[in-house]
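Below, each chain spelled out in residue letters.
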Amino acid sequence: SQKIEQNSEALNIQEGKTATLTCNYTNYSPAYLQWYRQDPGRGPVFLLLIRENEKEKRKERLKVTFDTTLKQSLFHITASQPADSATYLCALDMRAGTASKLTFGTGTRLQVTL
Amino acid sequence: DTAVSQTPKYLVTQMGNDKSIKCEQNLGHDTMYWYKQDSKKFLKIMFSYNNKELIINETVPNRFSPKSPDKAHLNLHINSLELGDSAVYFCASSNNWGGGSLNEQFFGPGTRLTVL
């Protein structure tokens, strides 16, 4: 079965720096890969989706890359702010009939300090 | 104007009891999901329904039974609760598989279930 690993349980960086989070998976490559943000006591919130044939996707200060050869996605937050502190989840997105079946990674807890 | 809502937010109950969690979405989506997030924060799909039809049914004990009265509602009934059922349960909804941002899932606020 698919195994998904995200780098380190916690990542601490200084405000203004770029945070880079890693998502590695085994076995087959998904059609899409999604990234979500989860704050304590809340449900995950969608951030970005990247297709298997896309190398890079950007949204404001966020950038996602997807390398199906390395079986890896990188998630970058540039000019990080304390408000970016949260847990970030990657999810492999496979079609299951009419549904989108997400298999989530373990998450990386990002802490941005002043 | 909450997109995906769940009730209750907290549920504390004794082992052996039966309980239900309700979920409603007002986004007009055809597909709804139930996820379980354990104490280590690992989020795992349990079920998915599309327009009242069961689409995804992961390896979940048959004490868990989802019910979808209509496409805007997906409830989760749990029989004979066990200690290991303690977790946060999230409901989510999305458009049908169509690729791209259409696959984005909208999550509810979660229901924290504690079995004593």
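Higher on the page you've got the structure.
About the cut-offs
- Residues numbered from 1 in each chain as written.
- Chains lettered and ligands numbered in written order.
- Predicted model: local features only at pLDDT ≥ 70, side-chain atom pairs only at ≥ 80, totals over all residues.
- Heavy atoms only, no water.
- Helix = DSSP H or I, 4+ residues; strand = E, 2+ residues; numbered from the N terminus.
- Rg over C-alpha atoms; globule rule 2.2 N^0.38 Å.
- Contact = heavy atoms within 4.5 Å.
- Areas by Shrake-Rupley, 256 points an atom, 1.4 Å probe, with all protein chains shown as cover.
- Lys, Arg positive; Asp, Glu negative; His and termini not counted.
- Charge placed at Lys NZ, Arg CZ, Asp CG, Glu CD.
- Pairing = 2+ DSSP bridges.
- Axes fitted to C-alpha atoms, helices over the stretch in contact; angles between N-to-C directions.
- Patch = residues over 30% accessible without salt bridge, like charges linked within 9 Å, V, L, I, M, F, W, Y side chains within 5 Å.
- Salt bridge = Lys/Arg side-chain N within 4 Å of Asp/Glu carboxyl O.
- Buried < 20%, exposed > 50% of the residue type's maximum accessible area, 1.4 Å probe, protein only.
- Disulfide = S-S within 2.5 Å.

Asks: Any chance you could break down the overall build of chain A for me, citing the residues and the numbers?
Replies: Of regular secondary structure, chain A possesses zero helices and eleven strands. Radius of gyration (C-alpha) of chain A: 14 Å, near the 13 Å computed for a compact globule of 114 residues. The long-range fraction of contacts in chain A, counting pairs at least 24 apart against all pairs at least 6 apart in sequence, stands at 54%. For chain A, the exposed area adds up to about 5,600 Å²; of that, 47% sits on carbon and sulfur atoms. Averaging the coordinates of the 15 positive side-chain charges in chain A and doing the same for the 11 negative ones gives two points 2 Å apart.

Asks: Account for the sheet that holds strand E7 (residues 64-70) of chain B, with residues named and values stated.
Replies: Residues and elements named next belong to chain B. The strand order E1-E3-E8-E7 describes an open sheet built from four strands, whose pairing is antiparallel. Bordering the open sheet on either side are strand E1 (4-7) and E7, each of which pairs with just one other strand. Taking each pair of neighbouring strands and ignoring which way they run, the sheet shows an average axis angle of 20 degrees. Bridge count for E7 against strand E8 (residues 73-78) is five bridges, and the pairing is antiparallel. Counted as the bridge partner of Phe64 is Ile78 from E8.

Asks: Explain a positive patch on the surface to me, and be specific about the residues and the numbers.
Replies: A cluster of like positive charges, contributed by Arg42(A), Lys9(B), Lys41(B) and Arg112(B), occupies part of the molecular surface. Take Lys41(B): its relative accessible area is 49%, and that puts it in the partly exposed class.

Asks: Run through the state of the cysteines, naming residues and quoting values.
Replies: By the definition in use, this model includes two disulfides over all chains. A disulfide bridge connects Cys23(A) with Cys90(A), and the sulfur atoms are separated by 2.0 Å. Disulfide Cys23(A)-Cys90(A): the torsion about the S-S bond is 65 degrees, which places it as right-handed. Pair noted here: Cys23(A) is in strand E3 (residues 19-25) and Cys90(A) is in strand E9 (residues 86-96), with a separation of 67 residues, a long-range link. Of the two residues examined, Cys23(A) and Cys90(A), each falls in the buried class. In this model Cys23(B) forms its disulfide with Cys91(B); the gap between the sulfur atoms is 1.9 Å.

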